[in-house]
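One letter stands for each residue in the lines below.
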Amino acid sequence: MSETETKKAARDPWDLPDVSGLVVGVLGGTGDQGRGLAYRLARAGQKVIIGSRAAERARAAAAELGLGVEGADNAECARRSDVVIVAVPWEGHAATLRALREDLRGKLVVDCVNPLGFDKQGAYALRPEEGSAAQQAAALLPESRVTAAFHHLSAVLLQDETIDEIDTDVMVLGEKRADTDLVQALAARIPGMRGVFAGRLRGAHQVESLVANLISVNRRYRAHAGLRLTDVEESPGR
Ligand SMILES: NC(=O)c1ccc[n+]([C@@H]2O[C@H](COP(=O)([O-])OP(=O)(O)OC[C@H]3O[C@@H](n4cnc5c(N)ncnc54)[C@H](OP(=O)(O)O)[C@@H]3O)[C@@H](O)[C@H]2O)c1
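Only a predicted model underlies this, so the values are computations on that prediction, with no experimental measurement involved.

Caption draft 1: Looking closely at the overall build of the chain. Along the backbone of the chain there are nine helices and 10 strands. Its C-alpha atoms give the chain a radius of gyration of 17 Å, within 12% of the compact-globule value 18 Å for 238 residues. In terms of its C-alpha atoms, the chain occupies a principal-axis envelope of roughly 55 × 40 × 40 Å. Each of the 238 residues in the chain was classed as buried or not, and the buried ones make up 50%. Taking as baseline every contact in the chain between residues at least 6 positions apart, the subset at least 24 positions apart corresponds to 72%. With 30 positive and 33 negative side-chain charges, the chain shows a spacing of 3 Å between the two charge centroids.

Here it is in structure tokens:
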């Protein structure tokens, strides 16, 4: 194999790491989105810790889910986890992360927060000062590895135990390939779901904002719409 061929083979975008041994924490894991992600990941065999502002609420939510899920306050959840999903409302995003800076040091953080406003016309995208929720996380957590993913999922479908597969792609953004590969691999643990690299964090605003459009789709068609990216196939060397 030539050097170019070797390089090309080494950069197969679907050659993702084994993440099955990682502990995943979910800040705000007592809410719909966090609970849904915790459920799906735990059901896939991942060790999951739900975080909450109140340890007791997290423990209760974890007990309801079963599947070996544990509950703790957000700080302990962050400390005990390798990967930490941020699933708190936009209104509490900055304060939550600011308080957890030390606990999240060195962790892989996955932000799924969509800064949205709602008025008579429906949902609309807010414009965070830093550019996006993910960029705000990166600014507040300089010693963490911040990525963005899981924005376009329906918490209703995630939590529905009768649904075996979540038919959707997950756009994954971040600065380091090792980190986005890992998040892609985590998304792929959930049957039906696929993680697709979608750029650097400076592109997170579009991804977060698109949820406003999905909410309009859901309202008109009474759906729980997800996203599929076409012509992105898992066939190395094409
Ligand atoms: N729902 C969806 O379908 C969906 C889909 C994709 C992405 N998201 C994003 O995921 C995030 C969570 O959505 P959600 O619908 O699960 O929200 P949620 O139920 O309103 O909130 C999630 C949890 O966050 C905690 N929380 C509430 N207010 C807080 C504050 N001011 N500061 C810190 N923590 C607070 C609460 O847990 P404790 O009281 O136990 O601390 C709550 O259970 C949002 O940013 C949303 O944009 C949601």
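Moving on, there is more to tell.
Caption draft 2: Here's a closer look at the side chain of His-152. Locating His-152 in the fold gives a position in the loop between strand S8 (145-148) and helix H7 (155-159). Residue classification places His-152 among the buried positions, given a relative accessible area of 5%. For His-152, the side chain forms a polar contact with the main-chain oxygen of Val-207, separated by 2.8 Å. With near-sequence residues (within four places) excluded, His-152 lies in contact with Met-171, Val-207, Leu-210, Val-211, Leu-214, Ala-225, Gly-226 and Leu-227.

Caption draft 3: Structural view of the UniProt feature "domain: Pyrroline-5-carboxylate reductase catalytic N-terminal" (unreviewed entry) in the chain. Mapped onto the present numbering, the UniProt feature "domain: Pyrroline-5-carboxylate reductase catalytic N-terminal" (unreviewed entry) falls on residues 24-115. When the span residues 24-115 is considered, its composition is 43% helix and 24% strand, and the gap between its end C-alpha atoms is 23 Å.

Caption draft 4: Inspection of the nonpolar core at higher detail. Counting residues in hydrophobic clusters, the biggest one holds 35 residues, and the most contacted among them are Ile-85, Phe-150, Val-170 and Met-193. Of all the elements in the fold, those that place two or more residues in this core are strand S1 (23-27), helix H2 (32-43), strand S2 (47-52), helix H3 (55-65), strand S4 (83-86), strand S5 (108-111), strand S9 (168-174) and helix H8 (177-188). Aside from chain neighbours lying at most four places away, what touches Phe-150 is Gln-33, Leu-37, Ile-85, Val-110, Cys-112, Val-170, Met-171, Val-183, Ala-187 and Met-193. By size, the runner-up hydrophobic cluster in this structure holds 28 residues, among which are Leu-100, Ala-133, Leu-173 and Val-207.

Conventions used here
- Residues numbered from 1 in each chain as written.
- Predicted model: local features only at pLDDT ≥ 70, side-chain atom pairs only at ≥ 80, totals over all residues.
- Heavy atoms only, no water.
- Helix = DSSP H or I, 4+ residues; strand = E, 2+ residues; numbered from the N terminus.
- Rg over C-alpha atoms; globule rule 2.2 N^0.38 Å.
- Buried < 20%, exposed > 50% of the residue type's maximum accessible area, 1.4 Å probe, protein only.
- Contact = heavy atoms within 4.5 Å.
- Lys, Arg positive; Asp, Glu negative; His and termini not counted.
- Charge placed at Lys NZ, Arg CZ, Asp CG, Glu CD.
- Polar contact = N/O pair within 3.5 Å; in protein donor to acceptor, adjacent residues only side chain to side chain.
- UniProt positions renumbered as here; feature names shortened; annotations may be inferred.
- Core = buried A, V, L, I, M, F, W, Y, C linked by side-chain atoms within 4.5 Å.

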